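Each chain, written out:
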Amino acid sequence: WPGAPERIVLGIEPTISPGLTPIMRELAAARLSICVPLPAGSGSGIAGAVGVLAVFSPRDRLSEEEQAMLLGLGDQAGLAVETARRLEDTARLQVFNESIVQNMTEGIAVQDVAGNLIFVNPAMAAMLGYAPGELIGRYGPDLIPPDQQSIIHAADERRAPGVFHGGAGAGE
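Criteria and cut-off values
- Residues numbered from 1 in each chain as written.
- Predicted model: local features only at pLDDT ≥ 70, side-chain atom pairs only at ≥ 80, totals over all residues.
- Heavy atoms only, no water.
- Helix = DSSP H or I, 4+ residues; strand = E, 2+ residues; numbered from the N terminus.
- Buried < 20%, exposed > 50% of the residue type's maximum accessible area, 1.4 Å probe, protein only.
- Contact = heavy atoms within 4.5 Å.
- Core = buried A, V, L, I, M, F, W, Y, C linked by side-chain atoms within 4.5 Å.
- 1 Å grid on protein atoms, 1.4 Å probe; cavity = no way out; pocket = protein on both sides within 12 Å on 5 of 7 lines; lining within 4 Å.
- Points joined across faces, edges and corners; volume = space filled by probe spheres on them.
- Nonpolar A, V, L, I, M, F, W, Y, C, P; charged D, E, K, R; others polar.
- Patch = residues over 30% accessible without salt bridge, like charges linked within 9 Å, V, L, I, M, F, W, Y side chains within 5 Å.
- Areas by Shrake-Rupley, 256 points an atom, 1.4 Å probe, with all protein chains shown as cover.
- Salt bridge = Lys/Arg side-chain N within 4 Å of Asp/Glu carboxyl O.

Chemist: So what exactly am I meant to see when it comes to the overall build of the chain here?
Modeler: The number of helices and strands found in the chain is five helices and five strands. Moving toward the C terminus, one meets the helices and strands of the chain in the order β-α-β-β-α-β-β-α-α-α. When the 172 residues of the chain are sorted by exposure, 20% land in the buried category. Of all intrachain contacts in the chain linking residues separated by at least 6 positions in sequence, the fraction that spans at least 24 positions is 38%.

Chemist: Would you take a moment to explain the nonpolar core for this structure?
Modeler: One recurring pattern in soluble globular proteins: nonpolar side chains tend to sit buried together. Formed by L32, I34, V36, V55, L62, L70 and L71, the largest nonpolar core amounts to seven residues. Counting residues per element, the ones that place at least two in this core are β2 (32-39) and α2 (64-103). Of all the elements, β2 adds the most residues to this core, at three residues. Within the second largest apolar cluster, six residues are counted, among which are L117, V120, A125 and L135.

Chemist: How should the layout of surface pockets be read in this particular structure?
Modeler: To find the voids left in a structure, one rolls a probe of water-molecule size over its atoms. Estimates place the volume of the largest pocket at around 870 Å³. Looking at the largest pocket, it is lined by 26 residues, and the ones nearest its centre are A109, Q111, I152, D156 and R159. Listing elements by their share of the lining of the largest pocket, those giving two or more residues are β4 (109-111), α3 (122-128) and α5 (149-159). With seven residues, α5 is the single largest residue contributor to the lining of the largest pocket. Looking at the lining of the largest pocket residue by residue, the classes come out as 16 nonpolar, seven polar and three charged.

Chemist: How should a nonpolar patch on the surface be read in this particular structure?
Modeler: A cluster of nonpolar side chains, namely L93, F96 and I100, defines an oily patch on the protein surface of about 290 Å² accessible area. Summarising the element assignment, I100 is placed in helix α2.

This is the structure:
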């Protein structure tokens, strides 16, 4: 339509899937067809589009309010598609990182603030002579030999305020 915002592209012919042919023929008879880019984020424009919203109307033109609504709908749909893509990327990254931690040769143990183990990788469990599942919920310091307790207690005291001071091999 005259004066259409540059984000809206008119007159693009859609590719017709065989199963949608009857519906698309009916839609092709529409007097107005509009393709609204679905931007990945605000201000990303057509170049950053993650898809296209195709709109067909039996009318010759849309009101300014309807145009604004379509642009807003396109923005929201684009953000939804981009958010879904990022969630999938995050899930893949989580699986990748988990595989690294589970398969590394260094032992890793995570305690809650009370000192109970909430995660132990297989290497740490093997170092302590347990299966990983046997250690979850156990009080971590109880697993340390008595002659090493003072070292662990000192390390816990240093970590208590949230400050890491390094350790063996940490570049002290």
